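Each chain, written out:
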Amino acid sequence: SRLYSSVVAEAETEAWQKLIRVLTHEIMNSIAPVISLSETVAERATINGMNERDYAIMVQAMQTIHRRSKGLLDFVENYRQLTRLPLPTLRNFSVSALFDDIRLLFPEKSDILFFRVKPEDLNLYADRIMVEQVLINLLKNAIEACEESLSPQIVVEAVQKAGMVIISVIDNGSGIVPEVIFVPFFTTKSKGSGIGLSLCRQIMNRHRGSISLDSQVEKGSSFVLRFPIVTKRIL
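The sections below set out a description of the structure shown in this document.

The rules behind these values
Residues numbered from 1 in each chain as written. Predicted model: local features only at pLDDT ≥ 70, side-chain atom pairs only at ≥ 80, totals over all residues. Heavy atoms only, no water. Buried < 20%, exposed > 50% of the residue type's maximum accessible area, 1.4 Å probe, protein only. Helix = DSSP H or I, 4+ residues; strand = E, 2+ residues; numbered from the N terminus. Axes fitted to C-alpha atoms, helices over the stretch in contact; angles between N-to-C directions. Left-handed = near helix turned anticlockwise from the far one by under 90°. Contact = heavy atoms within 4.5 Å. Nonpolar A, V, L, I, M, F, W, Y, C, P; charged D, E, K, R; others polar. Phe/Tyr/Trp six-rings, centres within 6.5 Å; stacked < 30°, edge-to-face > 60°. Lys NZ or Arg CZ within 6 Å of the ring centre and 35° of its normal. Pairing = 2+ DSSP bridges.

## A word on helix α5 (residues 196-206)
Given 3.6 residues per helical turn, the α-helix brings residues three or four places apart onto the same face.
Link 1 in the chain: The buried count for α5 comes to 9 of 11 residues, which makes it a mostly enclosed element.
Link 2 in the chain: Positive backbone phi, at 60°, marks Arg208, one or two positions downstream of α5.

Below, the structure written as structure tokens:
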């Protein structure tokens, strides 16, 4: 069942990647000439000369076109990362050391963040930067989910079990609807992009692992990362 779910999740992610790749390619191809044209027109107007009023109107229009085109290009670029995720650079590292580094990124939340590792010398063979990014995304979500909790608490724990390293991020916040949370562009946040958790799932897929969510509205959420144990030494 777990293997089937993993295959389905990977196929779904690949389908989303293909769609995003086509859309971003077409949008960028259309916007690039517009940016270039706005720059060219402004330059030629300067060289050829215009009356002051017409020149001011033209420059303002060109600046608006250029600014909005660049803004759209930057917007599209943010989504291209979903289709350009590199292969993980696998290294053996200490989970406790990773948690210590992540703790330093959230100093203002030290009173509600708790980290546990069992055994304390637990190591993980994975891409440390990618794993750190996943945990940062999950912690940011957990912190936001706990904003209205009377006694917020977020626990990040790592254990070795059944041939896997399992890292959980557990909060007592507002909860999330689990069925669609990993779908690209889906978000319950007013200012969210909907790519953070989708990116987390892609990173876990690249590690031949998985990410799952157990959540209840108004009771909290538990994100669980499962990494297969790989026996390999650092060169």
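## Structural notes on the packing of helix α4 (residues 128-145) against α5
Link 1 in the chain: For the pair α4 and α5, the least separation of the axes is 10 Å and the interaxial angle reads 150°. Classified by chirality, the crossing of α5 by α4 is left-handed. Contact residues: Met130, Val134, Asn137, Leu138 and Asn141 in α4; Gly196, Leu197, Cys200 and Ile203 in α5.
Link 2 in the chain: Across the contact of α4 with α5, the residue classes break down as 6 nonpolar, 3 polar and no charged.

## Concerning the packing of aromatic side chains
Link 1 in the chain: Enumeration over the complete set of coordinates arrives at 1 aromatic pair.
Link 2 in the chain: Here Phe99 and Phe115 contribute two aromatic rings whose centre-to-centre distance is 5.4 Å and whose plane-to-plane angle is 50°, an arrangement assigned as tilted. Taken together, the residues span a long stretch of sequence, with Phe99 in helix α3 (residues 95-104) and Phe115 in strand β2 (residues 113-118) at a distance of 16 residues. For the pair formed by Phe99 and Phe115, the shared burial category is buried.
Link 3 in the chain: Directly above the aromatic system of Phe93 lies the positively charged group of Arg128, at a separation of 5.8 Å from the ring centroid.

## Re the sheet that holds β2
Hydrogen bonds between backbone groups are what pair the strands of a sheet, and the pairing can be parallel or antiparallel.
Link 1 in the chain: With mixed pairing, 5 strands are arranged side by side in an open sheet as β2-β4-β5-β7-β6. One side of each edge strand has no neighbouring strand; the edge strands of this open sheet are β2 and β6 (210-216). If you compare each strand with its neighbour and ignore which way they point, the axes differ by 15° on average.
Link 2 in the chain: Where β2 meets strand β4 (residues 154-161), 6 bridges bridge the pair, whose relative direction is parallel. Looking at the pairing, Lys118 lines up with Val159 of β4.

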